[in-house]
Amino acid sequence: LAPYVPCGKEDIKEALEWAKTHCKGVNEKTKLFDLGSGDGRVVIEAAQKGFYSVGVELDGKLMDHAKQQAKAKGVADRVTFLQQDFLEVLESQSKEMGIVVVYLLSAALRKIDTKLDVLWKNGQIIISFGWPLAYNYWAERLKFKGKNFFIYAK
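Note that the structure is a prediction, hence the values are computed from the model and not measured.

Undergrad: Explain helix α3 (residues 60-72) to me, using residue names and the numbers behind them.
TA: If you check α3, its first and last C-alpha atoms are 18 Å apart, about what 13 residues at 1.5 Å a residue would give, namely 18 Å. Within the span of α3, buried status applies to Leu62, Met63, Ala66 and Ala70. Along the long axis of α3, the arc covered by the buried residues comes to 100 degrees, so they all point the same way. Opposite the packed face of α3, turned more than 90 degrees from it, sit the exposed residues Lys61, Gln68, Lys71 and Ala72. Contact partners of the buried residues in α3: α2 (41-48) and β3 (79-82).

Laid out in structure tokens, this is it:
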């Protein structure tokens, strides 16, 4: 659905910190899912911040790299990587998702925004790097070093 474009480490830290301090019910038991996790940087950073994190990625090489990085950074016990289509994971594991992170082009977001809307309506938090969802009810639009990210929370 989208090309691999990595998120900046500082962007990830900023978004996770905002969610931890501003979103009701976010704590170390909150499970974070990164849909299209690439090299695992969001998942690993979230694990370092205390979240249990799940990365969903189709590319086997990126997934292998992510697993190696998680082990090297000492968080392999707090992360899981699934080599699956994230559309399938959205269907099968949506109830487990406390925070959902996406970094997709706007055209790819349009394909899943109704599914993300259901999660938001159920009280789950959506963090979208780069592009907003089709809905205009984000809790916060943050700009960090010239980059936008959108946090949808009730």
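Undergrad: Let's hear about the nonpolar core: which residues, and what values?
TA: Counting residues in hydrophobic clusters, the biggest one holds 22 residues, and the most contacted among them are Leu35, Val56, Met97, Val100, Leu116 and Ile126. Taken together, the elements giving at least two residues each to this core come down to β1 (31-35), β2 (52-56), α4 (86-92), β4 (99-102), α5 (106-121) and β7 (147-152). For this core, the element with the most residues is α5, which contributes six residues. Excluding its chain neighbours within four sequence positions, the residues that come into contact with Val56 are Phe33, Asp34, Leu35, Gly36, Ser37, Leu82, Gln84, Asp85, Phe86 and Val89.

Undergrad: Quick one: what's the story with the pattern of salt bridges, residue by residue and with numbers?
TA: In total, this model carries five salt bridges according to the counting rule given. For Lys121, the salt bridge goes to Asp117, with nearest N and O atoms at 3.0 Å. In this pair, Lys121 and Asp117 are both assigned in helix α5, four residues apart and thus about one turn of the helix distant. Using a relative accessible area of 8% as the deciding quantity, one classes Asp117 as buried.

Undergrad: Go over the side chain of Gln93 with me, naming the residues and quoting the values.
TA: Looking at the element boundaries, Gln93 is found in the loop between α4 and β4. The residues touching Gln93, leaving out its near neighbours within four places in the chain, are Phe33 and Leu82.

Undergrad: Mind laying out the packing of helix α1 (residues 9-22) against α2, listing which residues take part and the relevant values?
TA: Packing of α1 against α2 leaves a shortest axis separation of 10 Å and a crossing angle of 50 degrees. Between α1 and α2, the crossing angle belongs to the class labelled oblique. Seen from above, α1 lies across α2 with right-handed handedness. From α1, Lys9, Ile12, Lys13 and Leu16 reach across to α2, where they touch Arg41, Val42, Glu45 and Ala46. A breakdown of the residues in the contact of α1 with α2 according to their chemical character gives four nonpolar, no polar and four charged.

Here is what the cut-offs are and how they apply
- Residues numbered from 1 in each chain as written.
- Predicted model: local features only at pLDDT ≥ 70, side-chain atom pairs only at ≥ 80, totals over all residues.
- Heavy atoms only, no water.
- Helix = DSSP H or I, 4+ residues; strand = E, 2+ residues; numbered from the N terminus.
- Expected span 1.5 Å × (residues − 1).
- Buried < 20%, exposed > 50% of the residue type's maximum accessible area, 1.4 Å probe, protein only.
- Arc of directions from axis to C-beta.
- Contact = heavy atoms within 4.5 Å.
- Core = buried A, V, L, I, M, F, W, Y, C linked by side-chain atoms within 4.5 Å.
- Salt bridge = Lys/Arg side-chain N within 4 Å of Asp/Glu carboxyl O.
- Axes fitted to C-alpha atoms, helices over the stretch in contact; angles between N-to-C directions.
- Parallel < 35°, antiparallel > 145°, perpendicular 65-115°, else oblique.
- Left-handed = near helix turned anticlockwise from the far one by under 90°.
- Nonpolar A, V, L, I, M, F, W, Y, C, P; charged D, E, K, R; others polar.

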